Structure formats: structure tokens, C-alpha cells
Amino acid sequence: MTQEYPPELSKERLLSLVTQIKDWQVNHGSLLKLIRTDNEHTVLSQPVGVSCFPAKFPRARFQQALDIQKIYNKLYCAVAEDNEYIYSAIQDILPIEPLAAALWGIYDTAKKDGSVQDISVGIFRSDYMLHVDSANSTNSLHSMSNTTLKQVEFNSFSCAGATHANKVVDMHRYLTRSGVYNEEIPFDIETLPVNKNVESLVSCLALAHDTYGPPRSTLAKETAVLFLVQPLNFNIADERPIEYGLWNRESPVPAYRLEFGSDVLQYTRLTESRELLFQPPWLKSTNPVEISVVYLRAGYETYEYDQVGWNARLQLEKSTAIKCPSLLGHMTTFKKVQQALTKPGALERFLTDSEAAIIRETFVPIYPVDKSEEGLHARDLAGNPETAKDYILKPSLEGGGHNIFGEDIPGFLASIPESQWPSYILMEKIQSPIASGLLMSPAGIDGGEIISELGILGTCLWQRAKGGRCEMLHNSVGGWTFKTKHTEVDEMSVVKGYGCFDTPYLVDT
């Protein structure tokens, strides 16, 4: 008889487990900052949403996702150096999507002055769900047997969650080692994989910093990594450990934070040879710092590109600093690029035939919503409630909360001008196997049916070679994130309150 998982807990055991989790989160900064402006001497926070028990995930599919990440890194590095391909993928949305128009406009302006930095950094995350083929009657949505790995999306800009994911697996491994779970589930610690996201991301940024080398400007005596962040940032517990990790290396890498927008124009400037000099406002009497690497954790929202934000991003792009990401690298995260890569023959532009075949196995059907033959087919699917229920409508925007699901799609499309439809893509829903879980978030503790999403982090450094080719200088798997949500919830973003950070409990199916 199969043991119930997760086990049903008595009130006393549940209280004990919850107390252990909360104490661990408080002591390890597994938190979201609550932004308040009424009391500057008080810092309030709340625990990030987590699973009380790790969710089951097939070991073979987990390993598959790890094994193919280097190919995905290679693919998106190559795409990020192919401005013609990116333009062909997004040209139809430039007149109707303000964010795309802003980024392409900045890139086009910077290109006229020529590039002075041909090296780029990539911190990527490829998100997957397990898929059960409904056409195969032997498969059940409540079974993980015979599932395949399907890509949800590829993220190349401000990939969040790495630190939170690192902390939650450490928590689940602690609860296992300390015997908290043993009364109900005798976990083997080896079924909960180790995660080293923070270490990997820090190493990648440090490598880029070292690759830049010593200051090029005679005005600067040191170089540093510059984090570009949003004001009133509630997710600092995910960002700050990467900054601290740079400072805490045996050979420390200086790292500073600056809010995206007006602060960039106020506290940085370009020399005649376009080194990016940063004058920390708290060190005005000293020499400026030359920026080796710009790591963007802001600049992904349309509202950030007013004239000030536009000029700030242009200044960064024109500089000799290595960008994480460059403007072209940023634009590879658009859903229109993801959709374009699913077209027959598209992958072979960047990969070998065997590599392309491996990547293509992770794709689900994605359609444009324009007036092409494919687009007209997509409009028929999206406009009919019976067929729309099997699809998701996605814009080229970052983060959760923007997608339109299933039967809501026809009404949504009817509510906006038809001229805006091409800015969306229509993606077939991934039919994920359903499991049982116990999730804890600021909204409370709730058990029930769950589905999970695995994100694999990639870290890479590449150089633009002659002819626009991409020469990989570093290509590695950075780690992973794992998120779980209740089946009735559509979106997955944890920091926006939809899902919970989790750890894969690796099982052999």
C-alpha cells in the first residue's frame, strides 16, 4: 500500500512544523520586505510562500532539464547577437507594444555610435512543467509516469528567485536532517538535491568583472559591478545575497546598487572613450569607480522608460561596461522571440541539427495572433470558448499577472482593439500531472491539489566574434528554482503571491 503523501498531520504536529519553518525563514532571510514610508526606523517583512513538504518530481526529468541547459544557453547567446533575427521576430509589435518600441529605439540609437564592448553576460532561467499527453489513455493527470518536459518560457532578464530557491532547499534539507519529517516520512536526504544558485551567480558576475580587467580611465582607481534596482524594492532578500557574495569572495569584487532612472544620470557619466564612471553619493571626495559589469534587476516595466529612463538605458548601453543583459539580450525574453524559435528550421540557424532536435522536444505549439495563416488559425482557436480553454494568451511583458487563461481569452480579445492582438502569442496549455501538497504563504496554510514548475538557471559569458558569431567564453548550469501552486491558481509568481517556493522530491517513476 502506497503511503499517503504528504501525510495528514495532527494539529500539534502541524503547529510544530509551521513553527520550525517560520523560525528558519526569519533566521535565514527567507522574507519579503514590506514597504512602509511612515516609520523609517522600523523594517517590516513577511515570510515568502513555501511548501511545507517537498513536492514529488521525476528524477529523470529533473536531470534532463539540467542536461539541456547548456544548449539553451548557447541558443540564446547566439540569438542575442543576431539583431536581424530579433527584429524579424518583434517588428510587428514595435508600433503597438511600448516596451518593445522603447528597447529597440534605444538599441537603434546606441548602434549609430558603434559598440565599444563585444562581451556580454547571461543569467538565464528556462522554466518547465511536466506534461501528460491526454491522447495517451494510459496516462493519468494524477500520475507522473511517462511524462515529458515542456518549456513554459525562457527568461533572459532580471531572473528572480535564485536566492529564495537556494534558501528553501536548505530549509527542507535541514528539516530532513534534524528529524522533523521522520515521524511521517523517512526522507533520504539524497532525494532533495543540493542547490548552489547564489554561489553560481556570484561566480558568473565575478568572472565577467575579471574579464573586463583593470580600469581603463585614468580618473578611476578601481572597477566594480553595478546593480540597477527598482525603488522601494520588496524583494531585496533575493537580490542582496548576490551583492554580499561578491564582497565576501576571497578576492572581493566591489558591488554597488543604484536605482534605475534619474540616479543613473545623476551619479554616472561616460568618458570620451565611453568608460562608465560611477560617483557613489556617499564618497564624493574620492575618485569615481569605473563600472566593469552592469547587472540589471530593473528596467523591465513599460513605465520605467519615460525620457529619463530611456536616456539612462542608452547611457548604460553605449558604455564599455559588460551588460547583463545587453539590449538585444533583453529582447530575447520577448514571447514573440520564443514563438519565432518554434517555427520549422528556426533552431538550425543557431544550433546543430542534433542540438535543435533536443531543444524542439521541449516545445509546445505557440502561434502568433496576427493576420498570417498561422495567426488566423490562432484567432479561430482563441475566439472559441471550447478551444480557447486549452490555451494561454501571453504578452511580451515580464513577471506574473499579465497572462490571459482559457475561457477568459475570447472576452479579453473582444475588449481590446484588434490592432493590438499581434502583440500577443497563443500558447497551448501544458497538461501538468496533479499531486497533493501543503503550502504556506502569507494568506495561510492550505492543502490540496498542486502542480509545480522547474526553472533551470544558466550562467554564461560570450563574445561577439567576426560576422556576428557568438563565441562562448563560459557556459554552465547555474542551479535551479522550483515553484508550486494550487491547481485553481493560474499564475506561478511567488513574490506576487500566486505560488510557493519548493524543493523537488526526486522520485523514480
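Scroll up to find the structure this text is about.
Residues numbered from 1 in each chain as written. Predicted model: local features only at pLDDT ≥ 70, side-chain atom pairs only at ≥ 80, totals over all residues. Heavy atoms only, no water.

Asker: When you look at the side chain of Glu 239 in this model, what are you seeing that I'm missing?
Answerer: Structurally, the position occupied by Glu 239 is in helix H7 (residues 236–247). What makes Glu 239 buried here is its relative accessible area of 4%. Here the side chain of Glu 239 touches Asn 233 through a polar contact of 3.0 Å, side chain to side chain. Side chain to side chain, Glu 239 and Arg 257 meet in a polar contact 3.3 Å long. For Glu 239, the contacting residues outside a window of four places in its chain are Phe 227, Val 229, Asn 233, Arg 257 and Arg 297. (Helix = DSSP H or I, 4+ residues; strand = E, 2+ residues; numbered from the N terminus. Buried < 20%, exposed > 50% of the residue type's maximum accessible area, 1.4 Å probe, protein only. Polar contact = N/O pair within 3.5 Å; in protein donor to acceptor, adjacent residues only side chain to side chain. Contact = heavy atoms within 4.5 Å.)

Asker: What am I meant to see in unusual backbone geometry here?
Answerer: Looking along the chain, the bond that leaves Tyr 5 and enters Pro 6 is cis, with omega of -10°. Along the chain, Pro 6 turns up in the segment before helix H1 (11–28). A cis amide bond links Cys 324 with the next residue in sequence, Pro 325, at an omega value of 0°. Mapped onto the fold, Pro 325 is located in the loop between strand E12 (322–324) and helix H10 (327–331). A positive phi angle, close to 50°, is found at Ser 158, a residue other than glycine. Tracing the backbone through its elements, the reader meets Ser 158 in the loop between strand E6 (148–155) and helix H5 (162–177). Not every positive phi belongs to a glycine, and Arg 274 is a case in point at roughly 75°. Its place among the elements puts Arg 274 in the loop between strand E9 (268–270) and strand E10 (276–278). Under the relative-accessibility criterion, Arg 274 is labelled buried at 13%.

Asker: Help me understand helix H12 (residues 353–360), please; the structure alone is not making it clear to me.
Answerer: Residues three or four positions apart in an α-helix share a direction because the helix packs 3.6 residues into each turn. The complete set of buried residues in H12 reads Glu 355, Ala 356 and Ile 359. For H12, the angular spread of buried residues about the axis comes to 100°, placing them on one side. Exposed residues lying more than 90 degrees from the buried face of H12 are Asp 353 and Ser 354. On its buried face, H12 sits against helix H2 (59–79). (Arc of directions from axis to C-beta.)

Asker: I'm lost on the pattern of salt bridges in this one. Help?
Answerer: Charged atoms that come close allow side chains of opposite charge to pair. One pass over the full model with this rule turns up 16 salt bridges. We note a salt bridge from Glu 239 to Arg 257, for which the minimum N-O separation is 3.3 Å. With Glu 239 in helix H7 and Arg 257 in strand E8 (residues 255–259), this pair connects stretches of sequence that are 18 residues apart. We classify Arg 257 as buried; its relative accessible area is 15%. The residue Lys 483 makes a salt bridge to Glu 453 at a minimum N-O spacing of 3.8 Å. Of the two residues, Lys 483 is situated in strand E19 (residues 470–486) and Glu 453 in strand E18 (residues 444–464); the sequence distance between them amounts to 30 residues. When salt bridges that share partners are traced, they join Glu 239, Arg 240, Glu 243 and Arg 257 into one network. (Salt bridge = Lys/Arg side-chain N within 4 Å of Asp/Glu carboxyl O.)

Asker: Mind showing me how you'd approach the environment of Val 48 here?
Answerer: With respect to the helices, strands and loops of the structure, Val 48 is situated in the loop between strand E2 (44–47) and strand E3 (50–51). Under the relative-accessibility criterion, Val 48 is labelled buried at 2%. Setting aside residues no more than four positions away along its own chain, Val 48 makes contact with Gln 25, Ser 30, Leu 31, Leu 32, His 164, Met 440, Val 494 and Phe 501.

Asker: I'm lost on the pairing of E19 in this one. Help?
Answerer: Working note: regular strand, side chains alternate between the two faces of the sheet. In this sheet, E19 lies alongside E18 in antiparallel orientation, the contact comprising 15 bridges. In the strand pairing of E19, Thr 459 is matched with Ser 476. Between E18 and E19, which pair antiparallel in sequence order, lie 5 residues; one of them, Gly 467, sits at a positive phi of approximately 75°. Pairing of E19 with strand E20 (residues 500–501), which is carried by 2 bridges, proceeds in the antiparallel orientation. If you follow Lys 483 over to E20, its bridge partner there is Phe 501. (Pairing = 2+ DSSP bridges.)

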